[in-house]
Each structure stands twice: as C-alpha cells, then as structure tokens.
Amino acid sequence: MKILHTSDLHLGLRLHGVSLLEEQRAMVDSLLETAGREQVGAVLISGDVFDRAVSPPEALRLYNRLVTGLCGELGIPTVIIAGNHDGAERLAACNRLLEGAGLYIRGRLGEQREPIRVGDCVIHTLPFFNGDEARALFPQEELHSTAQAMAYLCGREDCSSEGFHVLMAHCFVGGAALSESDRAAAVGGASQVPAGAFAGFDYVALGHLHRSQEVAPGVRYSGSPLRYSFGEWRQTKSVSLVDTADGSVREIPVPAARELRVVTGPLEELLEAARRDPRREDYLKVELTDCVPTMERVELFRAEYPNLLLVTGRQSQQAGEDGGITVEELERMSPEDLVRRFCREVLEEETDEETMAWFRQAVQAVEKEGAEQ
C-alpha cells in the first residue's frame, strides 16, 4: 500500500501582500492528480492546512475542493491533524460525521481517539500542542518540557498490533534544517523534541518545517508543497510517497504555476538581464548589490516583472532606512508619504512642516480644479 504524506499547505497565505491562491489552486490539482495516478491507499496531511485560524472564503473553497476530490471523487481515506496555524476547533468541526465519508480530522490533543486503520496501515495522530496543554491533560505526570510531553504521548500509543504503524505529528524535531518560514520554530528551542521520542513507529509523518527532509530513519518532514518565503527559493518542493511494504520513500515534485525566486547583482546588470528574462511572470525578489532600493528603481523593475514583490539593496546611511521596499508598501503610500520618501531619497533631507503645508495647498488646488471641470 502507498501513502501520500504532505503538510503545511497554508491555504489562504499572502506573500508580501500578494495572494497565492492561483498557485495553491494548481497545487491542489497536482495533489489530486498524484494521488489518483499513484493509486495511493491513504493521504496524510500533517498540519497547517490553513495559514490562519480564521480563513478567508476562497481558502475554504480550495480546502473543500481538496477533501471532496480525495474522499468523494477518488475514494481515498484522508487523515488531517491540526497545526499551529490552524484553528483546531474549526478544522475539526463535524469530524465524527465526516469519518463516514473517509475524512478523519484530529484537532486538539484532548480529542484523541483510537488509531485509524486503513488497509495494512495503523495511523496514530498527535495534533500540534504546547507543554501547557499536555500538563493540563495529564496533571499526574511530570511533563516539564515539550520533549517530555512528546515522549510520554508517544509511549501511550500501542504499536504492538499487526500492521505498518504511522505517527502523524506537527512539531519541531531537534537537528532538522530550518527555512526562513520556520523562524518561529527556532525561537528559544524550548519546543524541540528529540527524534528518539518516536521509537516504535514504522514511519513518522511530520509537519511544521517547510524543507523536505529525513531527520532520522523513518522520521520525515514532507515539507510544504509550495515555496512560501524567499528563503526557500532554491528548494525543490514535493510530496512524500511511502510504501508500507518496506518503508521506502519516494519524493514526487509539485510543479508551481509561478516560481518564487531571487536575482542578485548591480542595478544596470539586473535591468539588462530582466529585458531578456524568459520567466518574467515569476514572483521575484531583487537584491541590489551596488545601491539602495529607491521608488524609481522599484518602478523600473516592476515594468519588467509584473509580479515583483520585494526590492532590497545596500543599507542606506540614513537613520531609519531598512534597505528594502515592497511593491505593496509603495502602493499603500499616501501622497504625503511619497513626498517625504522622495525628499529623503533624492534631496537627502527630511521634509519640514512648511514644505508639507505648501504641498497640501497644491493638492487641494489641483483637486478643486478637477472638480470644477
């Protein structure tokens, strides 16, 4: 039997203010196509189905397309656990009713039930939790850390019955490689759990980190199926296909409707390359190595790259400059903000109140003239 393992779909995510809905729609279609083509016996989604606890309608529609396609159209049992981005209660609403359709959802830790048996596979589920939740559920135990809680919870699972025993979990396993999108997982390190906590399982289907990787034999992050930060732009995104006969894993690439990438170099060199770039529709970050990213320079690149998201450059010597500007920030600027930034970048001085007063009068005059015409 083959199992498709994925995680961190982050439906509804916006990158630098831009919706990735079109890319996520193509990703969902790819998951459905792969599951059908490979004739998988089960699909496991190890958390962070959504990017926010309260998801926008378009993300919910995309989720409905995914689970209806898997369970309803393809007839593939699908198991989902909540991640730290998901609203656990919302995600698991009507879960008992949905099990009749082959959709098994586990929200919070306290909602644990018997393992799910699909074919020769026994699926154990541990949705995302923190130490306080575990201590509240098991006050009689000495659970001083997330690592202790994970070891205790894994030890409660019975792996003695016949079958290929899989654990689904959403956590940060020590020693795993991080991406830019995983920075929250790295803070402090108190939430790390050792790979040894998963002893006894034939395969551990992890979610939470966006890089596809095997942390220990049989302990694996599928990674996110799309690139969700510029720190991930060199990563090949995939889903993991697990064979329960021998535990082997095959990565199946997930194509992207548009790639996320970074170009780095001097201003004139990058502008010249942009005019010949065959992939001008990609989501792009421009890193200037010889100058700061002014509004004018952002507009020059936006004329070549319609999906430009971010321009960064050499740190400005002016106090308060962060060396980068996004297209979204530029579009949100009021006329007064634009004047202040123009004076700072071109005249290299801050705008005084007298100048701004003259500007406001000029704007009012233009608006009045336009109204009278």
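Use the structure listed above.
What counts, and where the lines are drawn
- Residues numbered from 1 in each chain as written.
- Predicted model: local features only at pLDDT ≥ 70, side-chain atom pairs only at ≥ 80, totals over all residues.
- Heavy atoms only, no water.
- Core = buried A, V, L, I, M, F, W, Y, C linked by side-chain atoms within 4.5 Å.
- Buried < 20%, exposed > 50% of the residue type's maximum accessible area, 1.4 Å probe, protein only.
- Helix = DSSP H or I, 4+ residues; strand = E, 2+ residues; numbered from the N terminus.
- Contact = heavy atoms within 4.5 Å.
- Pairing = 2+ DSSP bridges.
- Right-handed = clockwise from strand over helix to strand, strands pointing away.
- Axes fitted to C-alpha atoms, helices over the stretch in contact; angles between N-to-C directions.
- Parallel < 35°, antiparallel > 145°, perpendicular 65-115°, else oblique.
- Left-handed = near helix turned anticlockwise from the far one by under 90°.
- Nonpolar A, V, L, I, M, F, W, Y, C, P; charged D, E, K, R; others polar.
- Salt bridge = Lys/Arg side-chain N within 4 Å of Asp/Glu carboxyl O.

Trainee: Just checking my understanding: could you explain the nonpolar core for this structure?
Mentor: A general tendency of soluble globular proteins is for nonpolar side chains to be buried together. Leu11, Met27, Val43, Tyr63, Leu66 and Ile80 are the most contacted members of the largest nonpolar core, which has 44 residues in total. Going through the elements one at a time, α1 (21–37), β4 (42–46), α2 (57–73), α3 (88–91), β6 (103–106), β15 (238–243), β17 (260–265) and β19 (308–312) are the ones with two or more residues in this core. Element by element, the count of residues in this core is highest for α2, at 7 residues. Ignoring any residue separated from it by four or fewer positions in sequence, one finds Tyr63 in contact with Leu11, Val49, Phe50, Ile80, Leu91, Leu103 and Ile105. In terms of nonpolar packing, the next biggest core, distinct from the first, is built from 27 residues, Ala134, Val193, Ala216 and Tyr221 among them.

Trainee: Just to check I follow, could you spell out the pairing of strand β18 (residues 283–288) for this structure?
Mentor: The side chains of a regular strand alternate between both faces of the sheet. The buried fraction of β18 amounts to 5 of the 6 residues, a majority that puts the element mostly inside the structure. Strand direction decides the pairing type here: β17 and β18, joined by 6 bridges, are parallel. For Arg261, the partnering residue across the bridge sits in β18 and is Leu284. Considered for its hand, the β-α-β crossover made up of β17, helix α8 (residues 267–276) and β18 is right-handed. In this structure, β18 lies alongside β19, joined through 4 bridges in parallel fashion. By the bridge assignment, Leu284 is partnered in β19 with Leu308. With helix α9 (residues 295–304) bridging β18 and its parallel neighbour β19, the resulting β-α-β unit is right-handed.

Trainee: Teacher, can you tell me more about the packing of α8 against α9 here?
Mentor: Angle between the axes and distance between the axes are the two parameters that describe a pair of packed helices. Packing of α8 against α9 leaves a shortest axis separation of 9 Å and a crossing angle of 20°. Overall, the two elements α8 and α9 adopt an arrangement that is roughly parallel. Note on packing geometry: the crossing formed by α8 with α9 is left-handed. Contact residues: α8 offers Leu267, Leu270, Leu271, Ala274 and Arg275, while α9 offers Arg297, Leu300, Phe301 and Glu304. Grouping the amino acids of the contact of α8 with α9 by side-chain chemistry returns 6 nonpolar, no polar and 3 charged.

Trainee: Would you mind going over the sheet that holds β6 with me for this structure?
Mentor: Strand pairing in a sheet takes place through backbone hydrogen bonds and is either antiparallel or parallel in direction. In space, the 6 strands of this open sheet follow the order β6-β5-β4-β1-β15-β16, with mixed pairing throughout. The open sheet has two free edges, formed respectively by β6 and β16 (249–253), since each of these has just one partner strand. The sheet shows a mean angle of 20° between the axes of neighbouring strands, direction not considered. Note: strand β5 (residues 78–81) against β6, 4 bridges, orientation parallel. What sits directly across from Val79, in β6, is Tyr104. Relative to strand β1 (residues 2–6), α1 is tilted by about 165°, and along the sheet it contacts β1, β4, β15 and β16.

Trainee: What am I meant to see in the environment of Leu300 here?
Mentor: Its place among the elements puts Leu300 in helix α9. As a C-alpha pair, Leu300 and Leu267 span 33 residues in sequence and 10.0 Å in three-dimensional space.

Trainee: Explain the pattern of salt bridges to me, please; I cannot follow it from the model alone.
Mentor: Once their charged atoms are close, side chains differing in charge can pair, the charge on each being opposite to the other. According to the stated counting rule, one finds 22 salt bridges in the structure shown. Asp282 is paired through a salt bridge with Arg261; the nearest N and O atoms lie 2.6 Å apart. Highlighted residues: Asp282 in the loop between α8 and β18 and Arg261 in strand β17, separated in sequence by 21 residues. Of the residues examined, Asp282 reaches a relative accessible area of 7% and is grouped as buried. Among the salt bridges present, the one from Glu272 reaches Arg275, with a minimum N-O distance of 3.4 Å. Of this pair, Glu272 and Arg275 both sit in helix α8, 3 residues apart, which is roughly one turn of that helix.

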